[in-house]
Amino acid sequence: MAILVTGGAGYIGSHTCVELLNEGYEIVVVDNFSNSKPESLKRISEITGKLFPFYQMDVLDKKALDQVFSENTIEAVIHFAGSKAVGESVSIPLAYYQNNVIGTVILCEMMKNYGVKNLVFSSSATVYGATDQVPITEDTMLGAVNPYGRTKLMIEEILRDLSESDETWSIALLRYFNPVGAHRSGRIGEDPNGIPNNLMPYISQVAVGKLESLNIFGSDYPTKDGTGVRDYIHVVDLAMGHLKALEKIRSKRGVDAYNLGTGSGYSVLEMVEEFEQVSGQSIPYTIVERRAGDAAICYADVTKARNELGWSATRGIHEMCEDTWRWQQNNPEGYSEESKIKQETRSPVLKTAVGLFMSH
């Protein structure tokens, strides 16, 4: 029995695959590489010493998805696959609704066809919108303010409706706060396409000389240093949250949402200062205007995850910065183009260091 990981080559997906394999799970990975690189799969195998089946495909492709389910005995699905840039979602909303919402509906239809009713869904704290409540609990009013957040909220509602219609489904909705960091080996980490949208990869690319300086949006917030405060969570802690959620859904039916964060916040300047200390590099920055919709302070109440999943984050700001810097130093260009695993077109099956690569 295997765990299907959609989007398993991505940032959070790859770290979760490592933890799943280390815990003895069998996995099957699907990814279309729209926001990830094949090299990450090779490195998952390198870190764990284990092979696994992989299919290069899109969850919108019903025929390819049917092949995955027919060729493997799937026990549960961890669903990461989806578009994830807030700004881009505002520019091309239809693409986000198509990829995220329709893709999830197709996945759930296939799960239903094969009698697979266990699902861990990669949601987001963006479902809470621009709330002033802190800490944010799972009962905080929902109200996403951009297309990306709305796709996550719509999917949550669809999954609740699905569970309501069939009580044999077991679903965990994991609402992430701000994932940062990398695997301590320095072999896998965050490799954004183009200019990073998130703070930590932006800081690390400035530190390594790839970008000139950091823009800090606003310095007049009612916080200790005037910059925005966010709940940053180490990606390995986040990955472990998925394993705990997986354990939960295997023993309990219904739908539950869980915040995954640390339960405390760090300001932008605190993150910059800690990164400078860890890296020994100066991070030049410019204070610019606030961004519309940005809250001054945002952090999670993680009581529910602690009590019901037996999970809590254990890595602090020092490890977040240290592991990010190790990854960035070792991989200044991320997963380089030269290291991509080439697909073999003449044969449907290619045996590689990663496992079985299925060409579609």
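Just so we're clear, the structure is a prediction, and the values are computed from it rather than from any experiment.

Undergrad: Provide a residue-level description of the pairing of strand S3 (residues 52-56), including the pertinent values.
TA: Judged by how many residues are buried, S3 sits mostly within the fold: four of five residues are covered. In this structure, strand S2 (residues 26-31) lies alongside S3, joined through three bridges in parallel fashion. Among the inter-strand pairings, valine 30 is bridged to a residue of S3, identified as tyrosine 55. Assessed by its sense of winding, the connection that carries the chain from S2 through helix H2 (residues 39-48) to S3 is right-handed.

Undergrad: Run through the packing of aromatic side chains, naming residues and quoting values.
TA: Inspection of every chain in the model, using the stated rule, returns four aromatic pairs. Positioned above the aromatic ring of tyrosine 221, the side-chain terminus of arginine 290 is 4.0 Å from the ring centre. Across from the ring centre of tyrosine 258, 5.0 Å away, lies the NZ or CZ of lysine 304, which sits over that ring.

Undergrad: A description of the nonpolar core should follow, citing residues and the corresponding values.
TA: Judged by nonpolar contacts, the single largest core of 41 residues is most densely connected at Leu20, Val29, Leu41, Leu174, Leu246 and Leu260. The greatest single-element share of this core, amounting to seven residues, is contributed by helix H8 (residues 235-249). Core analysis: the next-biggest nonpolar cluster, separate from the first, contains 29 residues, Val30, Val101, Leu159 and Ile171 among them.

Undergrad: So what's going on with the state of the cysteines? Which residues, and what values?
TA: All chains considered together, the criterion is met by zero disulfides. Lacking any disulfide linkage, cysteine 298 is separated from the closest cysteine sulfur, that of cysteine 321, by 19 Å. Its relative accessible area of 17% is what places cysteine 298 among the buried residues.

Undergrad: Help me get a handle on the packing of helix H7 (residues 199-207) against helix H9 (residues 268-279), residues and values and all.
TA: Running from N to C, H7 and H9 point in directions that differ by 35°, and their axes come no closer than 11 Å. As H7 packs across H9, the resulting crossing turns out to be right-handed. On H9, the residues that touch Leu199, Met200, Ile203, Ser204 and Ala207 of H7 are Val268, Met271, Val272 and Phe275. In terms of residue class, the contact of H7 with H9 is built from eight nonpolar, one polar and no charged.

Undergrad: Describe the packing of helix H1 (residues 11-22) against H8, listing the residues and the values that go with them.
TA: The N-to-C vectors of H1 and H8 enclose an angle of 60°; their axes lie 8 Å apart at closest approach. Regarding the angle of H1 to H8, the classification is oblique. Between H1 and H8 lies a crossing whose hand is right-handed. Where H1 approaches H8, its residues Tyr11, Ile12, His15, Thr16, Glu19 and Leu20 are matched on the opposing element by Val235, Val236, Leu238, Ala239, Met240, His242, Leu243 and Leu246. Along the lines of polarity and charge, the residues of the contact of H1 with H8 split into 10 nonpolar, three polar and one charged.

What counts as what
Residues numbered from 1 in each chain as written. Predicted model: local features only at pLDDT ≥ 70, side-chain atom pairs only at ≥ 80, totals over all residues. Heavy atoms only, no water. Buried < 20%, exposed > 50% of the residue type's maximum accessible area, 1.4 Å probe, protein only. Helix = DSSP H or I, 4+ residues; strand = E, 2+ residues; numbered from the N terminus. Pairing = 2+ DSSP bridges. Right-handed = clockwise from strand over helix to strand, strands pointing away. Phe/Tyr/Trp six-rings, centres within 6.5 Å; stacked < 30°, edge-to-face > 60°. Lys NZ or Arg CZ within 6 Å of the ring centre and 35° of its normal. Core = buried A, V, L, I, M, F, W, Y, C linked by side-chain atoms within 4.5 Å. Disulfide = S-S within 2.5 Å. Axes fitted to C-alpha atoms, helices over the stretch in contact; angles between N-to-C directions. Left-handed = near helix turned anticlockwise from the far one by under 90°. Contact = heavy atoms within 4.5 Å. Nonpolar A, V, L, I, M, F, W, Y, C, P; charged D, E, K, R; others polar. Parallel < 35°, antiparallel > 145°, perpendicular 65-115°, else oblique.

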